[in-house]
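Survey of secondary and tertiary structure
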Amino acid sequence: MEIKGKNVIITGSTRGIGLAIAHQFASLGANIVLNGRSQVSEAILSEFEKYPVQVLFIAGDVSNLVDAKDMVNQTIEKLGSVDILINNAGITNDKIMLKMTQEDFESVLKINLTGTFNMTQSVLKPMTKARQGAIINISSVVGLTGNVGQANYAASKAGLIGFSKSVAREVAGRGICVNVIAPGFIESDMTEVVSEKMKSAILEQIPLKRIGKAEEVARLTSFLASQAYITGQVIAIDGGMTMQ
């Protein structure tokens with residue numbers, strides 16, 4: 001798929017990996033729909049003025065199906081179509097299993113997994129009608145390996161993989177590709193507060209011996225969106241952490 005001129009929704013895109021993905025697509029000439037649960041700052045919106053594209057912000061909670069449908073409807077109303085969907089919105093709520101409550105578990109699944117279901121189902125009708133589209137779901141290496149204190153997060157990210165492979169099979173005949181990206185340890189607001197001792201321990205597990213950059217994940221995302229013969233795949237971008 002040619003990226004230039006296409007319309008892209010990126011959930012959870014007011015910071016971190018989601019914001020980097022938005023900049024990547026805008027730099028390639030795509031119109032962008034930014035999303036978050038609250039209003040985005042004017043400073044963030046002003047960053048996109050350098051691109052000759054349309055940039056919208058639509059507030060909404062992806063775990064709410066009404067909000068998800070409204071986001072898609074507003075995009076079609078204002079831009080004409082939804083060509084690419086990046087399901088990036090996600091949260092963590094880390095606790096060991098013995099201390100994790102049912103609410104701790106279900107709240108993470110509601111955003112990370114049910115939110116992806118809501119957004120995907122909402123875009124599939126217009127994508128199916130257009131007989132083209134790309135859906136990319138942002139999982140995590142934790143969904144491949146598990147991690148102490150993250151049973152809820154790992155379950156949601158592993159669930160994304162099974163979900164994506166199933167949907168990829170359903171919609172392939174309509175020219176829609178569905179893929180998964182599983183980032184490893186990537187620079188973000190969260191990694192900035194990690195102690196140097198913890199970072200050193202993590203780096204020991206990464207063959208490339210460095211933390212990844214959000215821009216690297218963003219470039220992989222636009223690459224997958226541009227491919228018409230890659231679907232149902234899970235690509236880890238993790239410096240080699242999960243190689244087998």
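Source: prediction; values computed, not measured. (Residues numbered from 1 in each chain as written. Predicted model: local features only at pLDDT ≥ 70, side-chain atom pairs only at ≥ 80, totals over all residues. Heavy atoms only, no water.)

1. Observations regarding the sheet that holds strand 1 (residues 7-10)
Taken together, seven strands build an open sheet; the order of strands is 3-2-1-4-5-6-7 and the sheet is parallel. Taken across any chain shown, the strands that pair with only one partner, and hence form the sheet edges, are strand 3 (55-59) and strand 7 (234-237). Direction aside, neighbouring strands of the sheet carry axes that sit 20° apart on average. Two strands pair when backbone bridges link them, and strand 4 (residues 84-87) and strand 5 (residues 133-138) are joined in this way by four bridges, in the parallel orientation. The partner of Ile86 across the bridge, within strand 5, is Ile136. On the sheet, helix 3 (residues 65-79) packs against strand 1, strand 2 (31-36) and strand 3 and is oriented at approximately 155° with respect to strand 3. (Pairing = 2+ DSSP bridges. Helix = DSSP H or I, 4+ residues; strand = E, 2+ residues; numbered from the N terminus. Axes fitted to C-alpha atoms, helices over the stretch in contact; angles between N-to-C directions. Contact = heavy atoms within 4.5 Å.)

2. Re the nonpolar core
Counting 32 residues, the largest nonpolar core has Val8, Ile21, Phe25, Ile32, Phe48, Ile84 and Ile86 as the members making the most contacts within it. Of all elements in the fold, only strand 1, helix 1 (16-27), strand 2, strand 4, strand 5 and helix 9 (214-225) reach the threshold of two or more residues within this core. By size, the runner-up hydrophobic cluster in this structure holds 24 residues, among which are Leu79, Met127, Val167 and Ala168. (Core = buried A, V, L, I, M, F, W, Y, C linked by side-chain atoms within 4.5 Å. Buried < 20%, exposed > 50% of the residue type's maximum accessible area, 1.4 Å probe, protein only.)

3. Here we look at empty space enclosed by the protein
Overall, the coordinates contain one cavity of 30 Å³ or more when judged by the stated rule. Looking at the largest cavity, its volume works out to about 30 Å³. Looking at the lining of the largest cavity element by element, the count peaks at four residues for helix 4 (residues 102-130). Along the lines of polarity and charge, the residues of the lining of the largest cavity split into four nonpolar, five polar and no charged. (1 Å grid on protein atoms, 1.4 Å probe; cavity = no way out; pocket = protein on both sides within 12 Å on 5 of 7 lines; lining within 4 Å. Points joined across faces, edges and corners; volume = space filled by probe spheres on them. Nonpolar A, V, L, I, M, F, W, Y, C, P; charged D, E, K, R; others polar.)

4. Section: the UniProt feature "domain: Ketoreductase" (unreviewed entry) in the chain
Sequence positions flagged by UniProt for "domain: Ketoreductase" (unreviewed entry) are, in local numbering, residues 6-184. Taken end to end, residues 6-184 comprises 48% helix and 18% strand; its first and last C-alpha atoms sit 28 Å apart. (UniProt positions renumbered as here; feature names shortened; annotations may be inferred.)

5. Section: the side chain of Asn112
Take Asn112: it is sitting in helix 4. You can call Asn112 buried: its relative accessible area is 1%. Within the local environment of Asn112, its side chain forms a polar contact with the side chain of Ser156, the two groups lying 3.1 Å apart. In contact with Asn112, not counting residues within four places along its chain, are Ala89, Gly90, Ile91, Tyr153, Ser156, Lys157 and Leu160. (Polar contact = N/O pair within 3.5 Å; in protein donor to acceptor, adjacent residues only side chain to side chain.)

6. Considerations on helix 3
The end-to-end C-alpha separation of helix 3 is 21 Å, in line with the 21 Å expected for 15 residues at 1.5 Å each. Residues of helix 3 that are buried include every one of Ala68, Met71, Val72, Thr75 and Leu79, and no others. Projected onto a plane normal to the axis of helix 3, the buried residues spread over an arc of 90° and lie on a single side. In helix 3, the exposed positions that point more than 90 degrees away from the buried face belong to Val66 and Glu77. In the core, the buried residues of helix 3 are packed alongside strand 1, strand 2, strand 3 and helix 4. The backbone nitrogen of Val66 lies 2.8 Å from a side-chain oxygen of the residue at the head of helix 3, namely Asn64. Among the residues trailing helix 3, Gly80 stands out with phi positive, at a value near 105°. (Expected span 1.5 Å × (residues − 1). Arc of directions from axis to C-beta.)

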